[in-house]
Amino acid sequence: MKWGYPYDSMRKTAVGLAIGLSAWVLASGLGRLGVFEDQELSTYDRRLVAAQTAGAGGGEAARDDLAIVEIDESSLRLLEPTFGRWPWPRIVHSAVVDFLTRGQARVIAYDVLFVDRDLRSAFPLGDSGMVMSGAESDAALVESVRLAGNVVLAAEAVFEGSSSDDTQAPMGPSLPGTNFDPGPGFFVRPHLRLPFADLAAVSAGVGHTVLELDPDGTARRVLPFVVAQGRPVPWLGLSAALVADQVPASAVRVEGSFLNVGEARIPLLAVPAMDANGDETPSRQMLLRLQGPYADQDGTRTYPTYSFVDLLRSEDLLLNGAAPLVDPAEFRDKYVFIGTAAPGLKDTYASPFGGAAMTGVQLHAATVDDLLSRRFMRRATVMVDALTTGAASLVAGLAAVMLPVGWAVALVVGVGVILVWAATAAIGAGLWVGVVTPVLGLALATFGGTAWQYFVEGRQKRLMKQLFGRYVSPDIFAHLVADPSSARLGGERREMTVLFSDIRGFTTASEKATPEAVVAQLNEYFSAMVAVLFRHQGTLDKFVGDMVMGLFGAPVADPKHADHAVAAALEMLRELERLNAGWAAEGRPTMDIGIGINSGEMIAGNIGSSTVMSYTVIGDAVNLGARLESATKDHGARILISEAVRSRLTEAVRVREIGEISVKGKTKAVMVHEVLGERP
């Protein structure tokens, strides 16, 4: 019976759980960083689009009792000859309100600020020859709003006090229309700028237009209420719904993490908002469950949309007994939102659906759509997100430790796909479950488990590789691992330095020693010399008998190859003195060495057959290095270098000029120097 198998399985299970738990904690911390929060927002948008495309929201479409009237580019262009550039006289807006009143719209929400009176004494109405004063224009709008009885106007909640004159609506004990007190926790702005006094007095209500964008500049949430000058002011879209449905103040109340509006329960999101100093302050916000983009690929709008100029012309045609461009009956019992859509008027925002930016009026319409349909988006609780991350991390940790790497990765990828699918389905059902942090947990746990397999379980396999790597230098091994294509016949020319070191007088002294003792002493010597080579960025080319051949500047380029070669030679002598002292104390024979060094152009590469090859160098410069090593005996020197080496030295070294000597294989004499040591 194999007792080790259950123990090994239990050990791996414990390790996998520990790795999963660590990944859980680390992913939860990383998920709070801005870069990953931005990624979560981005993935939310993709899942929202995917859910809408797949009909994961139950197949519900945007409501058809909502309509948007856009003050678009064509309206600005076509009305400029008659009414001048934006902002237009209030008489223009008066006519559109009259048209919508004629069509018996359920409510008219006007997302345009009418804070100050028009103080112009007179202005022409195009080429008609008619002249009107600003006061008359304002009075026309006041009368139209009064007759409509269902117009909700925009109010501006600001951080700094207004410098407007006393024509602005005074802040009395209450706001126009029904005043609501939903409870604490809503964002505060110190000041509120209402429409001018006469207009505010006849409006059915007011609504704020403060919008808090996410860090990536996208509009996904709104502030249901903003407290300004101590008064809770509803979001313009919410205010329109409250006015249209005549919701009493008592029916609007915060309960826990929900805002009750009549029978509807709006999930509230606790998201900090920025105050005037740029500091975050607590606020209760509402996630919009957007039903579509500003317009789809074929130009179809999410909500029926009309150009402002078409409604204005239609009212004029009706007053003159002609057929209108737009039938006012199209607005019967509809929630109508009027606002700017031209990019230059700066009321457009990035959409989670991408493409064209959404207008502010679409956000107001989307708020009413959510409210009337009882169809909301809520953020999963911190506990749900944490448990999702924990489950993903633990599964990945166990898989990465207990399964082969390939199978573990496949399983983790499968879990990731299921996780993203489930999170997308949840978005379709109105629940935003975080996906970036769980995926982080998957990745971290997989990495941790794989690393454990490599560093712990793979130790024996690596040991075999290390044994093979002893036959070549670590540099060559790393070079070949990084670039396997270099393990081929042929090579490359490169500027480098070669070092030859040979033992003197050891053969005679070791004749009385056993072969085992000789080999052991040589191995000790070679180990020390190779270590010196590696410390100076050298590469061991080969051992030839008791000679060491080292390379500097190959296979990895080294601009100071000559300096490193000379420094290695000097340290070899010091290391040999240390070895000799120990051997003498043990009664073993000592040895001496001669070293020859040359620099120049050499051919370096993997040379050999297709089955056996070694990394080495060839060339005339290599041969000269070997000849210099042989010449050390003739000149009583321990280190000889060529003029090519000396001229390349950048470090201070004491040398003695030997002079020109003749070497085998050279027709011309070679200038040679003896290295005496490092210059103090």
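Up top is the structure.
A quick note: this is a predicted structure, and the numbers were derived from the prediction, not measured. (Residues numbered from 1 in each chain as written. Predicted model: local features only at pLDDT ≥ 70, side-chain atom pairs only at ≥ 80, totals over all residues. Heavy atoms only, no water.)

## A few points about the overall build of the chain
Here is step 1 of the chain: Of the regular secondary structure elements, the chain holds 19 helices and 32 strands.
Here is step 2 of the chain: Split into buried and exposed, the 680 residues of the chain put 49% on the buried side.
Here is step 3 of the chain: Here the analysis covers contacts within the chain between residues at least 6 apart in sequence; of these, 75% occur between residues at least 24 apart.
Here is step 4 of the chain: Counting every atom, the chain has about 32200 Å² of accessible surface; 57% of that belongs to carbon and sulfur. (Helix = DSSP H or I, 4+ residues; strand = E, 2+ residues; numbered from the N terminus. Buried < 20%, exposed > 50% of the residue type's maximum accessible area, 1.4 Å probe, protein only. Contact = heavy atoms within 4.5 Å. Areas by Shrake-Rupley, 256 points an atom, 1.4 Å probe, with all protein chains shown as cover.)

## Observations concerning the packing of helix α2 (residues 34-54) against helix α11 (residues 405-428)
Here is step 1 of the chain: Interhelical geometry of α2 versus α11 gives an angle of 70 degrees and a closest axis separation of 8 Å. If you check the angle between α2 and α11, you find them roughly perpendicular. α11 is crossed by α2, and the crossing has right-handed handedness. Counted together, Y44, R47, L48, A50 and A51 of α2 and A423, T424, I427 and G428 of α11 form the full contact between these two elements.
Here is step 2 of the chain: Within the contact of α2 with α11, the residues separate by chemical class into six nonpolar, two polar and one charged. (Axes fitted to C-alpha atoms, helices over the stretch in contact; angles between N-to-C directions. Parallel < 35°, antiparallel > 145°, perpendicular 65-115°, else oblique. Left-handed = near helix turned anticlockwise from the far one by under 90°. Nonpolar A, V, L, I, M, F, W, Y, C, P; charged D, E, K, R; others polar.)

## A word on the sheet that holds strand β12 (residues 252-255)
Here is step 1 of the chain: With antiparallel pairing, the three strands of this open sheet are ordered in space as β12-β13-β14. A single partner strand is all that each edge strand has here, and the edge strands are β12 and β14 (264-267). For this sheet, the mean angle separating the axes of adjacent strands, direction not counted, is 25 degrees.
Here is step 2 of the chain: Two strands pair when backbone bridges link them, and strand β13 (residues 258-261) and β14 are joined in this way by four bridges, in the antiparallel orientation. Pairing of N260 across the sheet is with R265, part of β14. (Pairing = 2+ DSSP bridges.)

## Points about the sheet that holds strand β11 (residues 231-234)
Here is step 1 of the chain: Read from one edge to the other, the open sheet built from three strands follows the order β6-β10-β11, with strand pairing classed as mixed. Both edges of this open sheet fall to β6 (187-189) and β11, since each of them pairs with a single strand only. On average, adjacent strands in this sheet sit at an angle of 35 degrees to one another, irrespective of strand direction.
Here is step 2 of the chain: As paired strands, strand β10 (residues 225-228) and β11 are joined by four bridges and run antiparallel to one another. In the sheet register, V227 faces β11, and the bridge partner there is P232.

## Examining the side chain of H364
Here is step 1 of the chain: Relative to the assigned elements, H364 resides in helix α9 (residues 360-373).
Here is step 2 of the chain: Sequence-distant contacts of H364, defined by excluding residues within four places in its chain, comprise D111, H208, T209, W235, L236, G237 and F337.

## Quick look at the pairing of strand β18 (residues 284-287)
Here is step 1 of the chain: Across two bridges, the pairing between strand β9 (residues 221-222) and β18 is antiparallel. Across the sheet, R221 pairs through a bridge with L287, a residue of β18.
Here is step 2 of the chain: Pairing of strand β15 (residues 269-270) with β18 involves two bridges; the strand directions are antiparallel. Its bridge partner being in β18, L269 is matched across the sheet by Q285.

## Comments concerning the nonpolar core
Here is step 1 of the chain: L259, Y335, F337, L363 and L371 are the most contacted members of the largest nonpolar core, which has 55 residues in total.
Here is step 2 of the chain: For this core, the element with the most residues is α9, which contributes seven residues.
Here is step 3 of the chain: Counting residues in hydrophobic clusters, the runner-up holds 36 residues, among them V518, A528, W583 and V653. (Core = buried A, V, L, I, M, F, W, Y, C linked by side-chain atoms within 4.5 Å.)

## A look at the pattern of salt bridges
Here is step 1 of the chain: Under the criterion given, the structure shown has 30 salt bridges.
Here is step 2 of the chain: In this structure, R120 and D118 form a salt bridge, with 2.8 Å as the shortest nitrogen-oxygen distance.
Here is step 3 of the chain: What makes R120 partly exposed here is its relative accessible area of 37%.
Here is step 4 of the chain: Salt-bridge contacts for E495 lead to R648; the nearest nitrogen and oxygen are separated by 2.2 Å. Highlighted residues: E495 in strand β25 (residues 492-504) and R648 in helix α19 (residues 643-648), separated in sequence by 153 residues.
Here is step 5 of the chain: Judged by its relative accessible area of 38%, E495 falls in the partly exposed class.
Here is step 6 of the chain: Residue classification places R648 among the partly exposed positions, given a relative accessible area of 31%.
Here is step 7 of the chain: One network of salt bridges, in which partners are shared, links D45, D214, D216, R220 and R221. (Salt bridge = Lys/Arg side-chain N within 4 Å of Asp/Glu carboxyl O.)

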